[in-house]
Amino acid sequence: MRAAFKRAAFTGGFVCGAAAGAATCVAVMRVYVGERGAEEAVNPVHRDIGEYGLPLAGAETRYYANHILSYDQSRRTPRWVAEHLSQEKLHGTAQRKHCKFKPDPSIPVAFTAHNEDYLGSGWSRGHMAPAGDNKASEQSMAETFYLSNIVPQNYENNAGFWNRLEMYCRDLTKKFEDVWIVSGPLALPEVGSDGRKSMCYRLIGKDNVMVPTHLFKVVLARENPSSDTLAIGAFVVPNQPIGFDHPLTEYQVRLSELERMAGLSFFPGVRPEQSVRSLCEVDACRLMDVKEFTLYVAGRKVAGARTSARLEKVMTELRDAAVTPDDYLLKLYQEKKEQLALQERSDGKRE
DNA sequence: CGGCTCGCCACA
DNA sequence: TGTGGCGAGCCG
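Residues numbered from 1 in each chain as written. Chains lettered and ligands numbered in written order. Predicted model: local features only at pLDDT ≥ 70, side-chain atom pairs only at ≥ 80, totals over all residues. Heavy atoms only, no water.

**Observations concerning the pairing of strand β12 (residues 229-238)**
Consideration 1: Of all 10 residues making up β12, 9 are buried, and the element is well covered by its neighbours.
Consideration 2: Judged from the 9 bridges that link them, strand β11 (residues 214-222) and β12 form a sheet pairing that is antiparallel. Paired with His214 across the bridge in β12 is Pro238.
Consideration 3: Hairpin remark: β11 followed by β12, antiparallel, with 6 residues in the connecting loop.
Consideration 4: In terms of strand pairing, β12 meets strand β13 (residues 252-253) through 2 bridges, oriented antiparallel. Paired with Ala234 across the two strands is Val253, which belongs to β13. (Buried < 20%, exposed > 50% of the residue type's maximum accessible area, 1.4 Å probe, protein only. Helix = DSSP H or I, 4+ residues; strand = E, 2+ residues; numbered from the N terminus. Pairing = 2+ DSSP bridges.)

Here is the structure:
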């Protein structure tokens, strides 16, 4: 801590060490501001080196309405994005159709990604903190569309496996009062035919945005505030299409393993004496299967249908996929059907 | 839920 | 006359 303080004094900024919590950062700031004179006590050699300041990585912790992240100015992606999920935070009326992907205004222009980097690149803009976790607030949902929270992601992976993983995380709030999640991109080395390792990842757009080879997600769950038992799961998912025949547990890794891959220490505030169980031993870690997922997506489409022709198409596609609608979907369908019939009848009169 | 593409229209 | 913003419509 002493060393960190001295470095902070040199740069005039303040540093959040990987092992230091937010509270500690604030404390460092206070000490620095309160003891400006302490700079005299600094090692004179270090003072000379830092006379005109030391390089800034811009990796400081950035706070938004409902997520927190560290940005990678070199790769134009986040390093990690943290959020907290609970039952209450998940229901709301904020809609993603009112949101737009845009550069994060708090990131220097030279280091930010732009929409043009992604458009036509063959890669989709994948949220790390999902929009679906932010229905409680228009503001917080809009902020998840900043490109500081986005990485180039395979379309099918984004809409499919990763989407189901995010749904699973939201579902955990039914069983656990508090769920903490850290997500981010990875560039993992490959072993060549000669046995040598190399790092190889694609870049897209004028800004050279890194296309991660993998994505990670760490999930920490607590049943209730008084329980001292925690459950934790770490997952590394290839940035490519992943079908329904692959269970989530296939991508589970030891937390320590992920920490070495990512160069990050996760949840350093968990006390050593606390008992931490494996999430997939406490819970099934089961994602939606193909029928459940198809049914869910159909439900969203039925709810969003604007014409009865579209409504019928959704239902026909469901039947063609050999998925039997459940009571919930049938009710949704009937309500929508009546609503659209009324609407289209009045539209007809107006012509 | 996760995304993209296209066309309209206000605007310079 | 070209362009950006935004909503409608589409797919997995």
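**Comments concerning the protein's contact with DNA strand B**
Consideration 1: As a structural note, the neighbourhood of DNA strand B is formed by 19 residues, with Arg96, His127, Gly132, Asn158 and Asn163 the closest of them.
Consideration 2: Each atom of DNA strand B within 4 Å of the protein was assigned to sugar, phosphate or base; sugar and phosphate come to 79%.
Consideration 3: Backbone polar atom of Gly132 to a phosphate oxygen of DNA strand B: 2.8 Å apart, as the coordinates give it.
Consideration 4: Residue Asn163 places a side-chain N or O atom 2.8 Å away from a base oxygen belonging to DNA strand B.
Consideration 5: Where the surface near DNA strand B is concerned, the elements lending two or more residues are β4 (124-127), α7 (155-159), α8 (161-171) and α11 (290-304).
Consideration 6: Classifying every residue of the surface near DNA strand B by side-chain character gives 7 nonpolar, 6 polar and 6 charged. (Near = heavy atom within 4 Å. Polar contact = N/O pair within 3.5 Å; in protein donor to acceptor, adjacent residues only side chain to side chain. Nonpolar A, V, L, I, M, F, W, Y, C, P; charged D, E, K, R; others polar.)

**Let's talk about the protein's contact with DNA strand C**
Consideration 1: Close to DNA strand C lie Lys100, Ala159, Asn163, Val297, Lys301, Arg306, Arg310 and Lys313.
Consideration 2: Near the protein, meaning within 4 Å, the atoms of DNA strand C are sugar or phosphate in a fraction of 62%, with bases accounting for the rest.
Consideration 3: Between Lys301 and DNA strand C, the recorded distance is 3.2 Å, taken from a side-chain N or O atom to a base nitrogen.
Consideration 4: With respect to DNA strand C, the side chain of Arg310 contributes an N or O atom lying 3.4 Å from a phosphate oxygen.
Consideration 5: Broken down by secondary-structure element, the contributors of at least two residues to the surface near DNA strand C are α11 and α12 (308-320).

**Some thoughts on the state of the cysteines**
Consideration 1: Summed over all chains, the structure comprises 1 disulfide.
Consideration 2: Between the sulfur atoms of Cys280 and its disulfide mate Cys285 the distance is 2.1 Å. Taking the torsion about the sulfur-sulfur bond, which here is approximately -85°, the covalent link between Cys280 and Cys285 counts as left-handed.
Consideration 3: Using a relative accessible area of 17% as the deciding quantity, one classes Cys280 as buried.
Consideration 4: For Cys169, which is in no disulfide, the shortest distance to another cysteine sulfur is to Cys285 and amounts to 9.1 Å. (Disulfide = S-S within 2.5 Å.)

**Here's the deal with the nonpolar core**
Consideration 1: The biggest cluster of nonpolar side chains holds 33 residues, and the ones touching the most others in it are Leu165, Tyr168, Val179, Leu248 and Leu279.
Consideration 2: Mapped onto this core, the elements with two or more residues apiece are β2 (68-72), β3 (77-85), α8, β6 (178-186), β11, β12 and α10 (279-282).
Consideration 3: Considering every element that reaches this core, the biggest residue donor is α8, with 5 residues.
Consideration 4: By size, the runner-up hydrophobic cluster in this structure holds 17 residues, among which are Leu186, Leu188, Ile232 and Phe266. (Core = buried A, V, L, I, M, F, W, Y, C linked by side-chain atoms within 4.5 Å.)

**Overview of the packing of α11 against α12**
Consideration 1: Two numbers describe how α11 lies on α12: the axes approach to 10 Å, and their chain directions differ by 170°. Our classification of the angle between α11 and α12 gives roughly antiparallel. In contact with Thr294, Leu295, Ala298, Lys301 and Val302 of α11, α12 contributes Arg310, Leu311, Val314, Met315 and Leu318.
Consideration 2: Grouping the constituent residues of the contact of α11 with α12 by class yields 7 nonpolar, 1 polar and 2 charged. (Axes fitted to C-alpha atoms, helices over the stretch in contact; angles between N-to-C directions. Parallel < 35°, antiparallel > 145°, perpendicular 65-115°, else oblique. Contact = heavy atoms within 4.5 Å.)

**Description of the environment of Trp180**
Consideration 1: Looking at where Trp180 falls in the secondary structure, it is placed in strand β6.
Consideration 2: Here Trp180 falls in the partly exposed class, since its relative accessible area comes to 23%.
Consideration 3: Taking the C-alpha atoms as reference points, Trp180 and Asp347, separated by 167 residues in sequence, lie 48 Å from one another.

**Considering the environment of Pro325**
Consideration 1: Along the chain, Pro325 turns up in the loop between α12 and α13 (327-350).
Consideration 2: A residue is classified by how much of its surface remains accessible, and Pro325, at 27% relative accessible area, is partly exposed.
Consideration 3: C-alpha of Pro325 to C-alpha of Ala298: the two residues are 27 residues apart in sequence and 9.1 Å apart in space.
Consideration 4: When sequence neighbours within four positions are dropped, the list of residues in contact with Pro325 reads Leu295, Met315, Leu318 and Leu330.

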